[in-house]
Amino acid sequence: MKRTSTRLADGREILYYDAGGGADRTVPDTRPLDAPAATSEVRRDPLLGDFVVIASHRQARTHLPPADACPLCPSTALRASEVPAGDYEVVVFENRFPSLAGDTGRCEVICFTSDHRTSFAELDEERAALVLAAWTDRTAELSARDDVRQVYCFENRGAEIGVTLGHPHGQIYAFPFITPRTTRMLATVEAHRARTGGNLFEEVLAAERAEGTRIVLAAEHWTAFVPYAARWPYEVHLYPNRRTADLTTLDEAARAEFPRVYLELLRRFDRLFDRPEPTPYVSAWHQAPASGGARADFALHLELFTVRRTADKLKYLAGTESGMEAYMNDVRPEDAAARLRAVATR
């Protein structure tokens, strides 16, 4: 993999990732951009103890532009975009409208391909492997910063999710705090260790593999299953079979197998419903905190879920979910797993 780091006109960093070593990516950004003026603020809820980011400047971010004005497509002679090069394989750059900036972390955009008309599910395994390499590189570099506590790589796809740019892309957040979801997981895992001496992540994976009814895909180095208490109608958790803290410590065998497994899961999601457009989803990497003793018991895993519950119905977070975080699922996890097995690639 070749990595090329350069700067955009307003000083933000942009990094090109190429599987080969031939392309010249040192193309200057000629746009007349002012320096970023992000005003992020991190506040803590006094009752829950959760951190909340206030980022009012994001109201001005680009919202659903036409394809010929997409800021994530390569630049052309007629139009300059966020990516100065005329083509790219995978590119990462600092978000122009970040939720986290300065001493409150960092937000990056990762584009999986220069082709505006495709999706991650349509990539080949070589490109998916390059994306994994980019996620890993960014996790390593951002985790080394003194102001970063946790790195979160994710993709939102589909207007139903709230995506504001249609180009195939994801985001990478470097949080200055450990997120509420991870904090709760760590507390549960720590209590389980104190009570039983075992690792809860390992036991959950072993139990799912042994029970079998919620397994979606079992490979040599990865297992995908619908969790026993799934919150979303179609929700899959993907774990490496050998527990590891984050992407930087993933072994080579699991790294090599990941593209095939992940692409198969995404393609199954697209076959779930009889609709012309791709299935909307959130794909979220859960990684251990960047440092500290909590890393020892954590398990890297990916959570993939869609807000669609049938071909013509969405799962909205109603009063119980939004107001009390008490989820009500309309689809039995066992039935969801059976459906995801049924739509396997033939």
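Above this note sits the structure.
Everything numeric in this text was worked out from a predicted model, so none of it was measured.

Undergrad: How do you make sense of empty space enclosed by the protein when you look at a structure like this?
TA: Unfilled space is identified by rolling a water-sized probe across the atoms. With the rule as written, the count across this model stands at one cavity of 30 Å³ or more. Empty space within the largest cavity amounts to approximately 40 Å³. Taken together, D270, F273, R275, E277, P278, T279, P280 and R308 form the lining of the largest cavity. In the lining of the largest cavity, the residues fall into three nonpolar, one polar and four charged.

Undergrad: Is there a simple way to think about helix 6 (residues 333-342) in this case?
TA: In an α-helix there are 3.6 residues to a turn, and that puts residues three or four apart on one side. Three or more residues of helix 6 are buried, namely P333, E334, A336, A337 and L340. Take helix 6 and look down its axis: the buried residues cluster within an arc of 160°, on one side only. Where helix 6 is buried, its residues touch strand 9 (215-218), strand 11 (234-240) and helix 4 (252-271).

Undergrad: How should I be thinking about unusual backbone geometry in this particular structure?
TA: Peptide bonds are trans in most cases, and residues, glycine excluded, mostly fall at negative phi. Even without being glycine, E325 reaches a positive phi, approximately 55°. Here E325 falls in the exposed class, since its relative accessible area comes to 52%.

Undergrad: What is the right way to read the pairing of strand 7 (residues 150-157) from this model?
TA: The element strand 7 is extensively covered by neighbouring structure, given that six of its eight residues are classed as buried. Note that strand 7 and strand 8 (residues 169-175) share five bridges and pair antiparallel. Bridge pairing in strand 8 places C153 opposite I172. Pairing of strand 7 with strand 12 (residues 281-286), which is carried by four bridges, proceeds in the antiparallel orientation. Residue pairing across strands places F154 opposite A284, the latter belonging to strand 12.

Undergrad: Looking at this structure, I do not really get the environment of F258. What am I missing?
TA: Examined against the element boundaries, F258 turns out to sit in helix 4. For F258, a relative accessible area of 0% gives the class buried. Taking the C-alpha atoms as reference points, F258 and R332, 74 residues apart in sequence, are found 27 Å from one another. In this structure, F258 is in contact with L132, W135, W222, L238 and W285, ignoring residues within four places of it in sequence.

Undergrad: Honestly, the side chain of S81 in this entry has me stumped. Any pointers?
TA: Examined against the element boundaries, S81 turns out to sit in the loop between strand 4 (51-54) and strand 5 (90-94). Judged by its relative accessible area of 2%, S81 is buried.

Undergrad: Can you walk me through the packing of aromatic side chains in this structure?
TA: Each pair of aromatic rings is reported with the distance of its centres and the angle of its planes. Evaluation of the coordinates by the stated rule reveals 20 aromatic pairs. Ring geometry for F112 versus W135: centroids 6.4 Å apart, planes at 80°, classification edge-to-face. On the criterion of sequence distance, the pair formed by F112 in the loop between strand 6 (106-111) and helix 1 (125-143) and W135 in helix 1 is long-range, its members being 23 residues apart. Just as F112 is buried, W135 falls in that class too. An aromatic cluster of three or more residues is present, and its members are F112, F120, W135, W222, F258, Y262 and W285. In this structure, R231 is placed above the aromatic ring of Y327, and the distance from its NZ or CZ to the ring centre is 5.5 Å.

The rules we used
Residues numbered from 1 in each chain as written. Predicted model: local features only at pLDDT ≥ 70, side-chain atom pairs only at ≥ 80, totals over all residues. Heavy atoms only, no water. 1 Å grid on protein atoms, 1.4 Å probe; cavity = no way out; pocket = protein on both sides within 12 Å on 5 of 7 lines; lining within 4 Å. Points joined across faces, edges and corners; volume = space filled by probe spheres on them. Nonpolar A, V, L, I, M, F, W, Y, C, P; charged D, E, K, R; others polar. Buried < 20%, exposed > 50% of the residue type's maximum accessible area, 1.4 Å probe, protein only. Helix = DSSP H or I, 4+ residues; strand = E, 2+ residues; numbered from the N terminus. Arc of directions from axis to C-beta. Contact = heavy atoms within 4.5 Å. Pairing = 2+ DSSP bridges. Phe/Tyr/Trp six-rings, centres within 6.5 Å; stacked < 30°, edge-to-face > 60°. Lys NZ or Arg CZ within 6 Å of the ring centre and 35° of its normal.

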